[in-house]
Amino acid sequence: MRSLYEGYSQKQENKLKCIVHYFKRICSCMPVGFVSFERKVLPQDRHPLFTSYPEADFWSKSVLPLCAFEVHSLGFIEDQSANALEVDFANKYIGGGALHRGCLQEEIRFMINPELIAGMLFLPSMADNEAIEIVGAERFCDYKGYASSFRFAGDHADKRHFDSFGRRITRIVAIDALCSPGMKQYALKYLLRETNKAFCGFIDQSKYCQYKGLFQVKGLHEAHLYPDENDHTSRNHLELNEASSTTVETNQGASVSLPALGNSDGEGKDLPGIATGNWGCGAFGGDPELKAIIQWLAASQASRPFILYYTFGIDALQNLDQITQWILSHEWTVGDLWNMMVEYSSQRLNGRTDLGFFAWLLPSLTSHELSNTN
């Protein structure tokens, strides 16, 4: 906290105003309910009950459909009203410079929802296969501006309802992107790292466990979500059918129809969508087009029903809505989009193109031509 006082600036003064306002509020009326902090992990080794850290082959062969994608050029993640999981563009040390001189997306979120600061005391840095999900943090402040123009703008009355555990229905997931990746962000190793990082944050492992439980109840052999391509004695596979369910065939020839997750009318409707934006861009230096696609892949694979994407009006993403709708109209799968992204990134890394991904994908891409592209 002391660093908030060192070297006066208006943004520091206004960060302090947010914290002081929080204490004024709780002294006059103590909040009710709970806040939960969860470290989410994709195990590096195969695990019978959890989705493990995927390799590139997993993404390449995925047949899951891409989820709905809604672009917002105005507005903020924290103001969304769809009960979506809200992405914190995190430092690997959660909270980043919230109690220092930082004043970007994560630090601002920690100022307007000060209960998040508690997590900085007991949550160590995130590894590449980890994310942190926080549920229930109340918002106490309004604000305007960003970075050096950040200003406290008064009290905020949080109207979000509570869940059965007594937590406000505010779900925040912290995922840390590569910092200043430069050209290496186009290398397969780092594409995989970023996609798996977002996937770790977006996946709900309990849904995977429900599948496993159904297999066990019916006494069937395990139908792997990660089949061994070299094991020809085990022909387990998942196939999406037109009835919005998943047909599982086991190595004994039996089959089970299960409700599909997320992208259908089945059980996944209980999963909230994702509210995000230019994760890993700006000060972190990532490619905005690539990061948008990476998050779309991760949300779709995690069976999230939709993405609300807030571009904050940056020029690099002025065609994002048109490009995503074009892709959806052609019914690409997660694997289709992953493979296209990998091919583009290889060409970019090897100097065979200097186009952005969108213009490379559709050479006729311009703001007025894209809507007519087939």
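In the annotation of an unreviewed UniProt entry, the protein chain is listed under the name poly(ADP-ribose) glycohydrolase and assigned to Citrus clementina.

K.L.:
Looking at this structure, I do not really get the nonpolar core. What am I missing?
P.N.:
If you look at soluble globular proteins, the nonpolar side chains tend to sit buried side by side. Ranked by internal contacts, the top residues of the largest apolar core, which has 58 residues, are Phe202, Trp296, Leu297, Ile327, Leu337 and Leu361. With eight residues, helix 6 (residues 288-301) is the largest single contributor of residues to this core. In this structure Trp296 touches Leu66, Cys67, Phe69, Ile307, Thr324, Ile327, Leu328 and Leu337, once residues within four positions along its chain are discounted. In terms of nonpolar packing, the next biggest core, distinct from the first, is built from 26 residues, Cys18, Ile19, Leu116 and Ile134 among them.

K.L.:
Explain the packing of helix 4 (residues 188-202) against helix 8 (residues 334-349) to me, please; I cannot follow it from the model alone.
P.N.:
In helix packing, the relevant descriptors are the interaxial angle and the interaxial distance, both defined with respect to the helix axes. Packing of helix 4 against helix 8 brings their axes to within 10 Å, and their N-to-C directions diverge by 140 degrees. Considering their axes alone, helix 4 and helix 8 lie oblique with respect to each other. In terms of crossing hand, the pair formed by helix 4 and helix 8 is right-handed. For the pair helix 4 and helix 8, the contacting residues are Leu188, Leu191, Leu192 and Thr195 in the first and Trp338, Met341, Val342 and Ser345 in the second. Of the residues assigned to the contact of helix 4 with helix 8, the class counts are six nonpolar, two polar and no charged.

K.L.:
Hey, could you run me through the state of the cysteines in this one?
P.N.:
Each disulfide is one covalent bond, formed between the sulfur atoms of two cysteines. Considering all chains together, one arrives at zero disulfides under this definition. Cys141 provides the cysteine sulfur closest to Cys18, a residue in no disulfide bond, and the two sulfurs are 4.2 Å apart. What makes Cys18 buried here is its relative accessible area of 0%.

K.L.:
Honestly, the UniProt feature "active site" (unreviewed entry) in the protein chain in this entry has me stumped. Any pointers?
P.N.:
If you check UniProt for "active site" (unreviewed entry), the listed places come out as Asp88, Glu106 and Glu107 in our numbering. The annotated residues occupy 20 residues of the chain but converge on a single region, no pair of C-alpha atoms lying more than 9.3 Å apart. With respect to the secondary-structure elements, Asp88 resides in strand 3 (residues 85-90). If sequence neighbours within four positions are ignored, Asp88 has contacts with Ile94, Gln105, Glu106, Phe110, Ile172, Val173, Ala174 and Ile175. Taking relative accessible area as the criterion, Glu106 reaches 2% and is therefore assigned buried. If near-sequence neighbours (up to four positions away) are discounted, Glu106 is found in contact with Asp88, Phe89, Ala90, Asn91, Ile94, Gly95 and Gly96. Separated by 2.9 Å, the side chain of Glu106 and the backbone nitrogen of Gly95 make a polar contact.

K.L.:
When you look at the side chain of Asn113 in this model, what are you seeing that I'm missing?
P.N.:
As for its placement among the helices and strands, Asn113 is situated in the loop between helix 3 (105-112) and strand 4 (130-135). Of the polar contacts made by the side chain of Asn113, one reaches the backbone oxygen of Ala137; its length is 3.2 Å. A polar contact of 3.4 Å, which involves the side chain of Asn113, links it to the backbone oxygen of Glu138. Discounting chain neighbours no more than four positions away, the residues touching Asn113 are Ala137, Glu138 and Arg139.

K.L.:
Any chance you could explain helix 3 here in plain terms?
P.N.:
Every α-helical turn comprises 3.6 residues, leaving residues that sit three or four positions apart pointing alike. The buried fraction of helix 3 amounts to eight of the eight residues, a majority that puts the element mostly inside the structure. Among the residues of helix 3, Gln105, Glu106, Glu107, Ile108, Arg109, Phe110, Met111 and Ile112 are the ones counted as buried. Each element contacted by the buried residues of helix 3 is listed here: helix 1 (10-28), strand 3, strand 5 (141-144) and strand 7 (171-176).

K.L.:
Got a minute to help me understand unusual backbone geometry in this structure?
P.N.:
Trans peptide bonds make up the majority, and among non-glycine residues the majority have a negative phi. With a phi close to 65 degrees, Ser303 is a non-glycine residue in the positive phi region. If you check the backbone angles, Phe312 has positive phi at about 55 degrees while not being a glycine. Considering the arrangement of structural elements, one finds Phe312 in the loop between strand 12 (306-310) and helix 7 (320-329).

K.L.:
Please explain the sheet that holds strand 7 as it appears in this structure.
P.N.:
Pairing between the strands of a sheet comes from backbone hydrogen bonds, and it takes one of two forms, parallel or antiparallel. The strand order across the open sheet built from seven strands is 1-4-7-3-11-12-2, with neighbouring strands paired in mixed fashion. Looking at which strands have only one partner, the edges of the open sheet turn out to be strand 1 (36-41) and strand 2 (68-72). Put simply, the sheet's adjacent strands are angled 25 degrees from each other on average, direction ignored. Bridging between strand 3 and strand 7 involves six bridges; their strand directions are parallel. Paired with Leu85 across the two strands is Arg171, which belongs to strand 7. The sheet strands contacting helix 3 are strand 3 and strand 7, and the helix crosses strand 3 at an angle near 120 degrees. In the packing of helix 7 onto the sheet, contacts are made with strand 2 and strand 12, and the angle to strand 2 comes to roughly 170 degrees.

Quick notes on the rules
Residues numbered from 1 in each chain as written. Predicted model: local features only at pLDDT ≥ 70, side-chain atom pairs only at ≥ 80, totals over all residues. Heavy atoms only, no water. Core = buried A, V, L, I, M, F, W, Y, C linked by side-chain atoms within 4.5 Å. Buried < 20%, exposed > 50% of the residue type's maximum accessible area, 1.4 Å probe, protein only. Helix = DSSP H or I, 4+ residues; strand = E, 2+ residues; numbered from the N terminus. Contact = heavy atoms within 4.5 Å. Axes fitted to C-alpha atoms, helices over the stretch in contact; angles between N-to-C directions. Parallel < 35°, antiparallel > 145°, perpendicular 65-115°, else oblique. Left-handed = near helix turned anticlockwise from the far one by under 90°. Nonpolar A, V, L, I, M, F, W, Y, C, P; charged D, E, K, R; others polar. Disulfide = S-S within 2.5 Å. UniProt positions renumbered as here; feature names shortened; annotations may be inferred. Polar contact = N/O pair within 3.5 Å; in protein donor to acceptor, adjacent residues only side chain to side chain. Pairing = 2+ DSSP bridges.

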